[in-house]
Amino acid sequence: MAGKTFKLEQVLLYRREMEKLRKQEFATARHGVEQANQVLENKKEQVERLSQDFHRCQQDIECIDDIRMYSNFFAHKREEIKQQKEHIEHLDRIMNEKRSDLMEASKEKKVLESLREKKAEEFRKDMAAKERNFLDEISIQKKVK
């Protein structure tokens, strides 16, 4: 499109920037979910190790207060895991929203890019037709002389 610019070029540039921003937001949200999942796995592994330790030393515990302490600790850990799962669900919803936003931004950009391509193709066809007409006119004038 040498000589003619796309009238909506600024809008297209804006849409590209919005898509880039949405990609970054989505990547950040996905990273947050991955980190939260890793924290959950770490908590589960910690509880599993402590549970195994508790089973090994359970026969050696003589005081009911020690058993109660272990019980309270495990209840607390179960609650932490439950809260972490809820946190992951929340982050998942946010990530899905960001994915939707990204898809919408991509669609908007693609619409403008296809419009730009159509306009460029129209311009090329128009210029080719004008060139053909010009060359036809030149050849007609040479034949007349």
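Residues numbered from 1 in each chain as written. Predicted model: local features only at pLDDT ≥ 70, side-chain atom pairs only at ≥ 80, totals over all residues. Heavy atoms only, no water.

Let's talk about the overall build of the protein chain
- Helix and strand counts for the protein chain stand at two helices and zero strands.
- The C-alpha radius of gyration computed for the protein chain amounts to 33 Å, which surpasses the reference 15 Å derived for 145 residues by more than 25%, pointing to a less compact arrangement than a globule.
- By principal-axis analysis of the C-alpha atoms, the protein chain measures approximately 120 × 20 × 15 Å.
- Across the 145 residues of the protein chain, 19% fall into the buried class.
- Of the contacts made within the protein chain by residues no fewer than 6 positions apart, 88% connect residues no fewer than 24 positions apart.
- Only carbon and sulfur atoms are counted for the fraction: they give 52% of the accessible area of the protein chain, which is about 11500 Å².
- Of note, the protein chain has its 33 positive side-chain charges centred 11 Å away from the centre of its 30 negative side-chain charges. (Helix = DSSP H or I, 4+ residues; strand = E, 2+ residues; numbered from the N terminus. Rg over C-alpha atoms; globule rule 2.2 N^0.38 Å. Buried < 20%, exposed > 50% of the residue type's maximum accessible area, 1.4 Å probe, protein only. Contact = heavy atoms within 4.5 Å. Areas by Shrake-Rupley, 256 points an atom, 1.4 Å probe, with all protein chains shown as cover. Lys, Arg positive; Asp, Glu negative; His and termini not counted. Charge placed at Lys NZ, Arg CZ, Asp CG, Glu CD.)

Some words on the packing of aromatic side chains
- Scanning the model with the defined rule gives four aromatic pairs in all.
- Geometrically, the ring pair formed by Phe 73 and Phe 74 is edge-to-face, given 6.1 Å between the ring centres and 65 degrees between the ring planes.
- Overall, the relative accessible area of 33% leaves Phe 73 in the partly exposed class.
- Judged by its relative accessible area of 12%, Phe 74 falls in the buried class.
- Within the aromatic cluster, the residues linked to one another by ring pairs are Phe 54, Tyr 70, Phe 73 and Phe 74. (Phe/Tyr/Trp six-rings, centres within 6.5 Å; stacked < 30°, edge-to-face > 60°.)

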